[in-house]
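# Geometric and topological summary
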Amino acid sequence: MSEALVAIDVHKPDVAILDVRMPPTHTDEGIVAAVEARRRRPDLAVLVLSAYGEQSFASESLGGGVNGLGYLLKERIGRVEEFLDALRRVAGGGTAIDPEGVAQLFTRSRQDTRLKRLSPRERDVLALMAEGLGNSAIAEKLVVTDGAVHKHIRSIFAKLDLSPTDQVDRRVAAVLRYLEDLRRLA
């Protein structure tokens, strides 16, 4: 995050494009950098990219006004014309807020069931993790490769906002959230 802010300070771009999840923890450094960059340079246009709607981006960034502010889901950048249109609007002082991202934000704010962020296969993997199975056993049970299980687990951690730290075992935390959501739904 600090490298991004230094680059923005040194190069003084017209637009900064930031990913929500940046090093070192890959949690919300992009949001923090976007908010700080706009605090330092209110005229800076910022386009933030995310895998899914981020509640903290909405509450922190929109509080400072929406001129020159954009928020797109990463799936949109593959649609080059949509991405370029959003980039032009933001650079011109307008806004570009991904409608699907907004829908996700409202859905999550109405019902904080984290499991809804997960795909059906990710829910299957998490359920097997809750049974105490290791990656190889999960792969065998689901008839997929160990690599596929590892990919699903990384995605689960990201969608449940579990960043790597020495303080928390992400696997245990994911299972606890799974069990908490099951209890809430019961």
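Before going into details, it helps to say that this report is about the structure given with it. Residue positions are given per chain, counting from 1 as you read along its sequence in written order. Under the rules for a predicted model, residues below a pLDDT of 70 receive no local features and side-chain atom pairs below 80 are neither given nor counted, while totals for whole chains, interfaces and linings still include all residues. Excluded from the side-chain calculation are hydrogens and water; included are all heavy atoms of the structure.

## Description of the overall build of the chain
Test applied: To qualify as a helix, a DSSP run of H or I must reach at least 4 residues; to qualify as a strand, a run of E must reach at least 2; elements of each kind are numbered from the N terminus. When accessible area is computed with a 1.4 Å probe and restricted to protein chains, residues below 20% of their type maximum are described as buried, those above 50% as exposed, and intermediate ones as partly exposed. When checking whether two residues touch, look at their non-hydrogen atoms; a contact exists if any pair is within 4.5 Å. Note on areas: these come from Shrake-Rupley sampling with a 1.4 Å probe, and a residue is covered only by the protein chains present in the view.
From N to C terminus, the chain includes nine helices and four strands. Helices and strands in the chain line up, N terminus first, as α-β-α-β-α-β-α-β-α-α-α-α-α. Counting the 186 residues in the chain, one finds 40% classified as buried. Nonlocal contacts in the chain, meaning residues at least 24 apart in sequence, comprise 60% of its contacts between residues at least 6 apart. For the chain, the exposed area adds up to about 10,300 Å²; of that, 55% sits on carbon and sulfur atoms.

## A short note on the pattern of salt bridges
Put simply, the test is: For salt bridges, the criterion is a side-chain nitrogen of Lys or Arg within 4 Å of an Asp or Glu carboxyl oxygen.
For the structure on display, the rule yields nine salt bridges. Close ionic contact of Arg-40 with Asp-9 constitutes a salt bridge, the shortest N to O distance being 2.5 Å. Separated by 31 residues along the polypeptide, Arg-40 in helix α2 (residues 29–40) and Asp-9 in helix α1 (residues 2–11) bring together distant segments of the chain. The exposure class assigned to Arg-40 is partly exposed, which follows from its relative accessible area of 37%. For Asp-9, a relative accessible area of 32% puts it in the partly exposed group. For Arg-117, the salt bridge goes to Asp-161, with nearest N and O atoms at 2.9 Å.

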